[in-house]
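Spelled out, the chains give:
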Amino acid sequence: MNKDILYKILSFAIRAPSTHNTQPWLFKLNSNTIRIFYDNKLILPNADKERRDLFISIGCMIENMRLAANHFGFEIVINIDINDLDQSVAYVTFKKNDNFIHDDSKLFNQINKRVNARGVFENEYINNNIFEIIDNINKDFEKYGISILKIKDKNKIENIAKITQKAMIKAYEIKSFR
């Protein structure tokens with residue numbers, strides 16, 4: 001496999017969201033394989049004691065990698081291999097397949113559009129079509145015990161916002177958390 005294609009795929013992979021924007025991934029490239037490691041220096045011992053968010057971040061990056069690989073005509077095989085001794089997480093193998101049809105182009109095109117939007121949210125209701133989409137996604141994940149809770153009541157939203165604000169202030173008072 002051409003290394004330029006691997007670098008191009010990686011250029012999309014690393015645009016994935018990550019906890020505190022740490023981008024905690026490292027790569028070792030071979031001819032048709034990328035070995036993924038986590039960067040031990042970027043672990044957040046106080047904000048992510050069990051490294052849950054670290055692995056979610058790496059999972060987001062691998063999904064971006066899959067989308068980019070598919071876009072360039074490659075199938076991938078992901079082998080999870082978490083080893084704390086060398087901070088190894090996974091091996092990803094790429095196979096060229098000209099007959100491979102996997103239409104994730106809408107998702108792939110969103111990679112470059114992703115932004116972090118922090119601050120006050122707009123005071124408007126979400127379109128009902130969006131709620132229908134969320135309901136359909138929710139149905140797909142119920143079998144895993146995952147559900148999406150939609151809260152429309154303004155008082156409940158304000159209470160959640162106040163609790164979140166207090167928790168964030170308390171967390172940021174801890175220097176090692178920051």
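Preceding block: the structure.
Residues numbered from 1 in each chain as written. Predicted model: local features only at pLDDT ≥ 70, side-chain atom pairs only at ≥ 80, totals over all residues. Heavy atoms only, no water.

A. Focus on the sheet that holds strand S1 (residues 25–29). The strand order across the open sheet formed by 4 strands is S1-S2-S4-S3, and the pairing between neighbours is antiparallel. Pairing within the sheet leaves two strands with one partner each, and these edge strands are S1 and strand S3 (74–83). Averaged over neighbouring strand pairs, the angle between their axes works out to 20° when direction is ignored. Bridge analysis of strand S2 (residues 33–38) against strand S4 (residues 88–96) gives 5 bridges, and the strand direction is antiparallel. The residue of S4 that forms the bridge with Arg-35 is Tyr-91. Against the sheet, helix H1 (residues 3–13) contacts S1, S2, S3 and S4, and its axis sits at roughly 170° relative to S1. Packing of helix H2 (residues 52–71) onto the sheet brings it into contact with S1, S2, S3 and S4, and relative to S2 it is tilted by some 160°. (Pairing = 2+ DSSP bridges. Helix = DSSP H or I, 4+ residues; strand = E, 2+ residues; numbered from the N terminus. Axes fitted to C-alpha atoms, helices over the stretch in contact; angles between N-to-C directions. Contact = heavy atoms within 4.5 Å.)

B. How the structure looks around unusual backbone geometry. Residues other than glycine seldom take positive phi values, yet His-20 does so here, at roughly 50°. Inspection of the secondary structure puts His-20 in the loop between H1 and S1. Residues other than glycine seldom take positive phi values, yet Gln-23 does so here, at roughly 45°. On the secondary structure map, Gln-23 appears in the loop between H1 and S1. We classify Gln-23 as partly exposed; its relative accessible area is 37%. (Buried < 20%, exposed > 50% of the residue type's maximum accessible area, 1.4 Å probe, protein only.)

C. Representation of the environment of Asn-79 in the model. Within the element layout of this structure, Asn-79 appears in strand S3. Given the relative accessible area of 39%, Asn-79 is considered partly exposed. The spatial distance from the C-alpha of Asn-79 to the C-alpha of Lys-49 is 25 Å, given a sequence separation of 30 residues. Dropping the residues within four chain positions of it, Asn-79 is found in contact with Val-89, Ala-90 and Tyr-91.

Bear in mind that shape data such as this cannot, by itself, settle questions of function.
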